[in-house]
Amino acid sequence: MTDVSTGVLHTLFHSDQGGHEQVVLCQDRKSGLRAVIAIHSTALGPALGGTRFYPYANEEEAVADALNLARGMSYKNAMAGLDHGGGKAVIIGDPERDKTEELLLAYGRCVASLAGRYVTACDVGTYVADMDVVARECRWTTGRSPENGGAGDSSVLTAYGVYQGMRASAQHLWGDPSLRGRTVGIAGVGKVGHHLVEHLLEEGARVVITDVRRDAVGRISDRHAQVQVAADTESLIRVEGLDIYAPCALGGALDDVTVPALTAKVVCGAANNQLAHPGVEKDLADRGILYAPDYVVNAGGVIQVADELHGFDFDRCKAKAAKIFDTTLAIFARAKNDGIPPAAAADRIAEQRMHEAATAGGR
């Protein structure tokens, strides 16, 4: 018998990671679709968050990931100043093997059944072309191609926002936002990471990269011979003279093994849910490592896809994403004033906005 005290239902109804408004399990036997849509909060507006297509080990792992990611989106959207709550969807399977047009259309019908309570977009394993297919069955779809009325690849502004977070971190720690001459290590140079490399090189930073996919590394190395390559993440976090570490792959990058080994003075990256467990932020602070909360600095993409719902304007979105610099600085100031880590300070600000919205709405 499954231990219900540690199962996903316990997480949903009883733990601090729960409190979600709605969780929907989607299945279409014909296409092989198995998906989970988690809506954490609609206090600020319709839940907005991407669709992750990933080969989870089991259904419980998929549900747990959807719950965590949806909760993170509530905080991200609140800190980005968007009138959206948080939601996330995961499709169980190998996107290279299992993704088909029929499956994506079936998924679109599932999202459409929620009648606008959840708005979807791209995430790990899904792309603009996939959202174009989903949109054929669901009008609550963003991250579509410009040819289909969308904004295109949201990773461009995600990277730009992370870059602004790095500049704010440099301003707070070293008194100067310039990254010229700083050494930045990037773990994961896929969708977002390769754009981040361009921003950093343009400013004159030294860049070290790693990625489990050789083709991703090769794309950077072929274009920029000056970029160094670390064998793996373990090697990257131990690079001597590293100023900033940027986790840009999957979550859980900061844990009890990684944090003691970090040589960087700043952690600022695009990956979601970087803290492997509660308390890691204190471990970082105890080591004198400045942590720029992931859901704050990686909000450029969600700013873009949210704008798509109102008629996309890239310059307007970029101006909003540039404000991540000021938001990050404000979080560092709040953390200092309250005597708490930056992650806790960001949570307090986001929770205050959601609480005020819920109260105003009579919830």
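Note: the structure precedes this text.
Summarised in this report is the structure supplied together with it. Here, residues in each chain are numbered from 1, in the same order as that chain's written sequence. Note on the predicted model: pLDDT of at least 70 is required for a residue's local features to be given, and 80 or more for side-chain atom pairs to be given and counted; whole-chain, interface and lining totals, by contrast, use all residues. Each side-chain value is derived from all of the structure's non-hydrogen atoms; neither hydrogens nor water enter the calculation.

Considerations on the overall build of the chain
At step 1: What counts as a helix is a DSSP run of H or I of at least four residues, what counts as a strand is a run of E of at least two, and both are numbered from the N terminus. Tallying secondary structure elements over the chain gives 16 helices and 12 strands in all.
At step 2: For this measure, only C-alpha atoms enter the radius of gyration; the expected value for a globule follows 2.2 Å times N^0.38, where N is the number of residues. For the chain, whose C-alpha radius of gyration is 20 Å, the value lies close to the compact-globule estimate of 21 Å for 363 residues.
At step 3: C-alpha atoms of the chain, sized along the principal axes, occupy 55 × 50 × 45 Å.
At step 4: Three exposure classes are used, based on accessible area relative to the maximum for each residue type with a 1.4 Å probe and protein chains only: buried under 20%, partly exposed in between, and exposed over 50%. Each of the 363 residues in the chain was classed as buried or not, and the buried ones make up 55%.
At step 5: For this analysis, residues touch if any pair of their heavy atoms sits within 4.5 Å. Residue pairs at least 24 apart in sequence account for 65% of intrachain contacts in the chain once pairs closer than 6 positions are excluded.
At step 6: For the area figures, the Shrake-Rupley method with a 1.4 Å probe applies, and any residue is considered shielded solely by the protein chains shown. For the chain, the accessible surface area stands at approximately 15,900 Å², while carbon and sulfur atoms represent 49% of it.

Overview of the packing of helix H6 (residues 155-174) against helix H15 (residues 324-338)
At step 1: Following both chains from N to C, one finds H6 and H15 inclined at 40°, their axes separated by 8 Å at the closest point. By the criterion of interaxial angle, the relationship of H6 to H15 is oblique. Crossing of H6 against H15: the hand is right-handed. Here Gly 161, Gln 164, Gly 165, Arg 167, Ala 168, Ser 169, Gln 171 and His 172 of H6 come into contact with H15, specifically with Ile 324, Phe 325, Thr 328, Leu 329 and Phe 332.
At step 2: Considered class by class, the residues forming the contact of H6 with H15 number 5 nonpolar, 7 polar and 1 charged. A fitted line through C-alpha atoms serves as each axis, taken over the contacting stretch for helices, and the angle formed by two N-to-C directions is quoted from 0 to 180°. Angles below 35 degrees are treated as roughly parallel, those above 145 as roughly antiparallel, those between 65 and 115 as roughly perpendicular, and all remaining angles as oblique. Put simply, a crossing is left-handed when the front helix is turned counterclockwise from the back one by less than a right angle, and right-handed when it is turned clockwise. Any residue outside Ala, Val, Leu, Ile, Met, Phe, Trp, Tyr, Cys, Pro, Asp, Glu, Lys and Arg is labelled polar, Gly included; the first ten of those are nonpolar and the last four are charged.

Notes on the environment of Gln 22
At step 1: When you line up the elements, Gln 22 lands in strand E1 (residues 22-28).
At step 2: Taking relative accessible area as the criterion, Gln 22 reaches 26% and is therefore assigned partly exposed.
At step 3: Beyond its immediate sequence surroundings of up to four residues, Gln 22 is in contact with Ile 37, Ala 38, Ile 39, Leu 114 and Arg 117.
At step 4: As used in this structure description, the phrase polar contact means that two N or O atoms lie within 3.5 Å; if the pair is within protein, one of them must be able to donate a hydrogen and the other to accept it, and residues adjacent in sequence are counted only when both atoms belong to side chains. There is a polar contact of 2.9 Å between the side chain of Gln 22 and the side chain of Arg 117.

Things to note about the pattern of salt bridges
At step 1: Just to be clear on terms, a salt bridge is a Lys or Arg side-chain nitrogen sitting within 4 Å of an Asp or Glu carboxyl oxygen. Under the criterion given, the structure shown has 20 salt bridges.
At step 2: The residue Arg 97 makes a salt bridge to Asp 98 at a minimum N-O spacing of 2.9 Å.
At step 3: You can call Asp 98 partly exposed: its relative accessible area is 24%.
At step 4: With a closest N to O distance of 2.6 Å, Arg 334 and Asp 338 form a salt bridge. Taken as a pair, Arg 334 and Asp 338 lie in helix H15 at a separation of 4 residues, close to a single helical turn.

Thoughts on the sheet that holds strand E10 (residues 244-247)
At step 1: Strands pair, by our definition, only if DSSP identifies at least two bridges between them. With respect to topology, 6 strands assemble into an open sheet ordered E9-E8-E7-E10-E11-E12, the strand pairing being parallel. Here the strands that pair on one side only, and so sit at the sheet edges, are strand E9 (228-229) and strand E12 (290-291).
At step 2: Of the pairings in the sheet, the one linking E10 to strand E11 (residues 266-267) comprises 2 bridges and is parallel in character. Residue Ile 244 lies in a different strand from E11, and its bridge partner there is Val 266.

Observations concerning the nonpolar core
At step 1: Among buried residues, those of type Ala, Val, Leu, Ile, Met, Phe, Trp, Tyr and Cys that are joined through side-chain atoms within 4.5 Å constitute a nonpolar core. One finds Tyr 107, Met 166, Ile 186, Leu 196 and Leu 200 to be the most contacted residues of the largest nonpolar core, which totals 70 residues.
At step 2: The residues contacting Ile 186, other than those within four sequence positions of it, are Gly 193, Leu 196, Val 197, Leu 200, Val 207, Val 208, Ile 209, Thr 210, Leu 236, Ala 246 and Cys 248.
At step 3: Of all hydrophobic cores here, the second largest spans 19 residues; its members include Leu 242, Val 280, Ile 289 and Tyr 291.

What about the packing of aromatic side chains?
At step 1: Two rings from Phe, Tyr or Trp (for Trp, the six-membered ring) form a pair when their centres sit within 6.5 Å of each other. Planes less than 30 degrees apart are called stacked, planes more than 60 degrees apart edge-to-face, and all others tilted. Evaluated as defined, the whole model comprises 4 aromatic pairs.
At step 2: For the pair Tyr 54 and Tyr 56, a centre-to-centre distance of 5.1 Å together with 70° between the ring planes defines the contact as edge-to-face.
At step 3: Here Tyr 54 falls in the partly exposed class, since its relative accessible area comes to 28%.
At step 4: Geometrically, the ring pair formed by Phe 312 and Phe 314 is edge-to-face, given 6.4 Å between the ring centres and 70° between the ring planes.
At step 5: Directly above the aromatic system of Trp 174 lies the positively charged group of Arg 182, at a separation of 3.8 Å from the ring centroid.
At step 6: Charge-over-ring placement is defined geometrically: NZ (Lys) or CZ (Arg) within 6 Å of the ring centre, and within 35 degrees of the ring normal. The residue whose ring lies beneath Lys 318 is Tyr 160, and the NZ or CZ to ring-centre distance is 5.0 Å.

Quick notes on the side chain of Gln 274
At step 1: If you trace the backbone, Gln 274 turns up in the loop between E11 and helix H11 (280-286).
At step 2: Its relative accessible area of 0% is what places Gln 274 among the buried residues.
At step 3: Among the polar contacts made by the side chain of Gln 274, one reaches the main-chain carbonyl oxygen of Ala 271 at a distance of 2.9 Å.

Some thoughts on the side chain of Gln 164
At step 1: Relative to the assigned elements, Gln 164 resides in helix H6.
At step 2: On the accessibility criterion, Gln 164 (5% relative accessible area) is buried.
At step 3: Separated by 2.8 Å, the side chains of Gln 164 and Arg 167 make a polar contact.

Looking at unusual backbone geometry
At step 1: Within the chain, Ala 115 stands out as a residue other than glycine whose phi angle is a positive 55°.
At step 2: Following the sequence through the fold, Ala 115 ends up in the loop between helix H4 (101-112) and strand E6 (118-119).
At step 3: Residues other than glycine seldom take positive phi values, yet Asn 273 does so here, at roughly 50°.
At step 4: Within the secondary structure layout, Asn 273 lies in the loop between E11 and H11.
At step 5: Classification of Asn 273 as partly exposed rests on a relative accessible area of 28%.

A word on the pairing of E10
At step 1: The side-chain alternation of E10 yields two buried faces, one formed by Ile 244 and Ala 246 and the other by Tyr 245 and Pro 247.
At step 2: Where strand E7 (residues 183-187) meets E10, 4 bridges bridge the pair, whose relative direction is parallel. Along E10, the bridge assignment pairs Val 184 with Ile 244.

Keep in mind these values describe shape, not function.
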